[in-house]
Amino acid sequence: MLRTSLLVVILMIWMLAPIGCMRQVTPASPAAPVSEPTKPGFDVAGMDTNVSAADDFYHYAVGTWIKENPVPDDQKRWSAFNILREQTRENVKTTILKAADITDAPKDSIPYKVGTFYQVGMDEEKIQADGFTPIKGELSRIEAIQDLAGFHRELAHMTLHTSAPLFYLYVAPDEKNATMNIAAVYQGGIGLPDRDYYVEEDDRSKEIRTAYVAHVARMMELIGSDQKTAQKEAETVMAIETRLAAASNTRVENRNPKARYNKMTIEDLKARTPDFDWQAFFAELGVTDPGGININQPRFIEEIGKMVKEVSLAGWKTYLKWTVLRSMAPTLSDAFVNEHFAFNDKFMNGQAEIKPRWKRVVDMTNRSLGEAVGQLYVADYFPPEAKDRAMEIVANLLIAMGERIDALDWMSNATKAKAKEKLSAIDVKMGYPDKWKDLTELEVKEDSYAANVMRANHFDLMDDLKDVNKPVDKAEWYMTPQTVNAGYSPSRNDMTFPAGILQFPFFDKDVDDAINYGAMGAVIGHEITHGFDDQGRQYDKDGNLEDWWTPEDEAKFKEKTKALVAQYNAYAPFEGFHVNGEMTLGENIADLGGLLVAYQALTKTEQFKTGTAIDGFTPSQRFFLSWAQVWKTNIRDDALKTMIKIDVHSPARYRVRGPLANINAFFEAFEIKPGDPMHKKEEEVVRIW
Ligand SMILES: [Zn+2]
């Protein structure tokens, strides 16, 4: 699971999950949206034709839907994604309940594991009565630490079971020898969603710091500290996390894969961080010889090396206890769940109400037992025909991308040839894995919800660690089939379209091509383009960090991306809250490239050639309206502020406005003229792929 969140570029943010290092998809709610069509097709009723397409295409395309579909109380945002995720969660729940109903399922079977995990999570009475008993063993282990040797052992134990303190450990392809897996370390250890919140002096950052310290203190009181002690403990946590944050890279700094590639042996690490006992840490994980480890942020690791002795053992114990608490709170009694919600969802994102328990437990089952649930889900909900139709669109998109590369007026033939080699090497994962993970070792018991979550964490990391220094398995999936998202992995040069996204409004095997190409087609084009964005272009066809560009072409690419950065920097949903054009660059390149490639593929379809209008719209118009429909979104102000800080994707409205303002076919389709707000002069237009 972890390798997904750090290394794969995905279509849509995965919100930070409450559990350790894993991440979840943005969840959704049951309320039926007013203007959602009952059968697939374009939602004409959701348009607002009082607004001119030339003034504000986004509101023209989805304005009525936006007016009629406020964010439900238990959501941070409400969008086509959320609605689909809500439907998918309902389906997953049905699948889980079916598994739970099999009373004679053997204890090592997948239905038993899935059904029991869910039922134990739904046993509200027992969870209430247990309070924080299920994590008392974890807290006592920390209390019992006697020395730094014990501290290092505990770091490893927590990394395996609850949440990774200080840094994330994961296994992924060696980016300079991408056929082999290696262990890797990534900065972490902070409870706020970004390092900037600890170090910046703007009002919102200060307000967040104050609220965070109060939140940590309240959690400490819940496990028995008196008010004064809890306050002191919260300040200790804040001091440690602030040091970690100050030594962490910004999200923009982390967009440089070459700077993130620093392969080191245990000996190298010993020389850099003499006080950090890497040997003991890996030994506790059962890895006696990790070989070369990729240290993504060496400066961060050096700071930890200094902190080991500079922070007192008592200080470390407080910090470790907090780390267990913040990751495990959602699995404990209401006092913990509510405090966790109040800070992370309500304060940081404006969510009014917590989701009902069943939704939270389905999400946790999905995260903890992802492939187990996925196997049962696809059997119930994924029509095999969908896979063939989607593969056909992928094939057409790959052809269109090849043609666009050939036609680029700014790239030399030498670089074009390499780009096309890379394009034809892209691997496609569609629907669900051909080969499922072996889940034999994954244990689920009836003792407690928290214990099951810890066992699932343990299984996941152990399962990854057994691949260290082993060849990369190209068939392995890094997303679950029930995920409503898509991804591209630069070091594997593959893209993944799980069953979850092969549903309307992204895709429907029965709707017209213009709608499918404007949604799923553009999504596929988006993922293809990730292989050629600011980060992806630095990897070759085999997933190795290897220069294949001529210096002149590289310079031209950078010039073009600079202009795109400037375009997005100018977008600001609130005064003082601008989109970060550099942080979102890869996604913006992918949105623009994805639409251009998908449009080119559309022009070859029968529908486009005949030009037949449906619902009064030409194929071209339906294509762009379909893209807008995918991104129709209402989002709470606080959630939008947080998103602008932490999400590498631009807010939905700019994922429509941003790319379309650079596409001539869009200007033609809606007769957008020079001087119109949606228009850009030819010299301002950016086109990369
Ligand atoms: Zn993306």
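Residues numbered from 1 in each chain as written. Predicted model: local features only at pLDDT ≥ 70, side-chain atom pairs only at ≥ 80, totals over all residues.

Caption draft 1: Representation of the overall build of the chain within the structure. Regarding its fold elements, the chain presents 29 helices and 10 strands. Relative to the 2.2 N^0.38 estimate, which gives 26 Å for 689 residues, the radius of gyration of the chain is 25 Å and therefore close to what a compact globule would have. By its C-alpha atoms, the chain is 75 × 55 × 50 Å across when sized along the principal axes. By residue count, 51% of the 689 residues in the chain fall in the buried class. (Helix = DSSP H or I, 4+ residues; strand = E, 2+ residues; numbered from the N terminus. Rg over C-alpha atoms; globule rule 2.2 N^0.38 Å. Buried ≥ 20, exposed ≤ 12 C-beta atoms within 10 Å, placed from the backbone.)

Caption draft 2: Up close: the sheet that holds strand β5 (residues 263-264). Spatially, β3-β4-β6-β5 is the arrangement adopted by the 4 strands of the open sheet, whose pairing is mixed. For this open sheet the edge positions go to β3 (167-174) and β5, each flanked by a neighbour on one side alone. As paired strands, strand β4 (residues 177-187) and strand β6 (residues 293-295) are joined by 3 bridges and run parallel to one another. In the sheet register, Val185 faces β6, and the bridge partner there is Ile295. (Pairing = 2+ DSSP bridges.)

Caption draft 3: Up close: the nonpolar core. Membership of the largest hydrophobic core comes to 182 residues, with the highest contact counts inside it found for Val114, Leu397 and Ala628. The element best represented in this core is helix α24 (residues 585-602), accounting for 11 residues. A domain split of this core shows at least three residues from each of domain 1 (2-23 + 57-68 + 388-437 + 478-669) and domain 2 (133-331). Not counting the four nearest positions on each side in its chain, Ala628 is found in contact with Phe57, Tyr58, Ala61, Val62 and Val656. (Core = buried A, V, L, I, M, F, W, Y, C linked by C-beta atoms within 7 Å. Domains from an automatic or database assignment. Contact = placed C-beta atoms within 7 Å.)

Caption draft 4: Quick look at the domain arrangement of the chain. Looking at the assigned domains, one finds that the chain contains domain 1 (2-23 + 57-68 + 388-437 + 478-669) and domain 2 (133-331). The interface is formed by 26 residues belonging to domain 1 together with 26 residues belonging to domain 2. Residue assignment for the side of domain 1 that touches domain 2 shows that the elements contributing at least two residues are α1 (2-7) and α27 (637-646). Here the residues of the side of domain 1 that touches domain 2 sort into 11 nonpolar, 8 polar and 7 charged. (Nonpolar A, V, L, I, M, F, W, Y, C, P; charged D, E, K, R; others polar.)

Caption draft 5: Just the packing of helix α23 (residues 551-569) against α24, in detail. Packing of α23 against α24 brings their axes to within 10 Å, and their N-to-C directions diverge by 100°. It follows that α23 is roughly perpendicular to α24 by the angle criterion. Listed contacts from α24 to Thr561, Leu564, Val565 and Tyr568 of α23 are Leu585, Asn588 and Ile589. For the contact of α23 with α24, the residue count by class is 5 nonpolar, 2 polar and no charged. (Axes fitted to C-alpha atoms, helices over the stretch in contact; angles between N-to-C directions. Parallel < 35°, antiparallel > 145°, perpendicular 65-115°, else oblique.)

Caption draft 6: Inspection of the packing of helix α19 (residues 384-407) against helix α22 (residues 513-530) at higher detail. Viewed as axis vectors pointing N to C, α19 and α22 meet at an angle of 60°, and their least axial separation amounts to 10 Å. Overall, the two elements α19 and α22 adopt an arrangement that is oblique. When you trace α19 past α22, the crossing you get is right-handed. Here α19 contributes Ala390, Ile393, Val394, Leu397, Leu398 and Met401 to the contact with α22, which in turn contributes Asn516, Met520, Gly521, Ile524, Gly525 and Ile528. Among the residues making up the contact of α19 with α22, the classes are represented as 9 nonpolar, 3 polar and no charged. (Left-handed = near helix turned anticlockwise from the far one by under 90°.)

Caption draft 7: Structural detail: the sheet that holds strand β8 (residues 487-489). In space, the 4 strands of this open sheet follow the order β1-β8-β9-β7, with mixed pairing throughout. If you trace the sheet from one side to the other, it starts and ends with β1 (9-10) and β7 (427-431), each paired once. By the bridge criterion, 2 bridges tie β1 to β8 in an arrangement that is antiparallel. Bridge pairing in β8 links Ile10 to Gly487. α22 contacts β1, β8 and β9 (494-498) of the sheet and is inclined by roughly 20° relative to β8.

Caption draft 8: Fine view of unusual backbone geometry. In this chain, Phe504 is followed by Pro505 through a cis amide linkage whose omega measures 10°. Mapped onto the fold, Pro505 is located in the loop between β9 and α22. Phi at Asp615 is positive, roughly 55°, even though this residue is not glycine. Checked against the element boundaries, Asp615 lands in the loop between α25 (606-610) and α26 (619-630). Accessibility expressed as a C-beta count within 10 Å gives 13 for Asp615, which makes it partly exposed.

Caption draft 9: Representation of helix α3 (residues 80-101). In a regular helix each residue adds 1.5 Å, so 22 residues correspond to 32 Å; α3 covers 32 Å between its end C-alpha atoms and thus fits that length. By the burial criterion, the buried members of α3 are Ala80, Phe81, Asn82, Ile83, Arg85, Glu86, Thr88, Arg89, Val92, Thr95, Ile96 and Ala99. The inward-facing, buried residues of α3 abut β2 (77-79), α4 (110-122), α17 (357-368), α18 (370-381) and α26. (Expected span 1.5 Å × (residues − 1).)

Caption draft 10: Examining the confidence of the model for the chain more closely. Scored by pLDDT, the chain comes out at a mean of 94, with 95% of its residues at no less than 70. Throughout residues 15-38 the model reports pLDDT below 50, and contacts reaching past four residues in sequence, or to other chains, amount to 73 contacts. (pLDDT = per-residue confidence, 0-100.)

Caption draft 11: Looking closely at α17. A rise of 1.5 Å per residue sets the reference length of α17, with its 12 residues, at 16 Å; its end C-alpha atoms lie 16 Å apart and thus fit the reference within 8%. For α17, every residue scored as buried is listed here: Arg360, Val361, Val362, Asp363, Met364, Thr365, Asn366, Arg367 and Ser368.

Caption draft 12: Inspection of the environment of Thr603 at higher detail. Topologically, Thr603 is positioned in the loop between α24 and α25. On the basis of neighbour counts, which here come to 14 C-beta atoms within 10 Å, the residue Thr603 falls in the partly exposed class. As a C-alpha pair, Thr603 and Ala514 span 89 residues in sequence and 9.3 Å in three-dimensional space.

Caption draft 13: Quick look at the pairing of β3. In terms of residue burial, β3 counts as a mostly covered element, since 8 of its 8 residues are buried. Where β3 and β4 come together, 8 bridges link them in antiparallel fashion. Paired with Leu169 across the two strands is Val185, which belongs to β4.

Caption draft 14: Spatial organisation of the environment of Ser412. By the secondary structure assignment, Ser412 is in the loop between α19 and α20 (413-425). Contact partners of Ser412, with chain neighbours within four places excluded, come to Thr550, Glu552 and Asp553.

Caption draft 15: Just the environment of Ala395, in detail. When you line up the elements, Ala395 lands in helix α19. Along the primary structure Ala395 and Ala601 are separated by 206 residues, whereas in three dimensions their C-alpha atoms are 9.7 Å apart.

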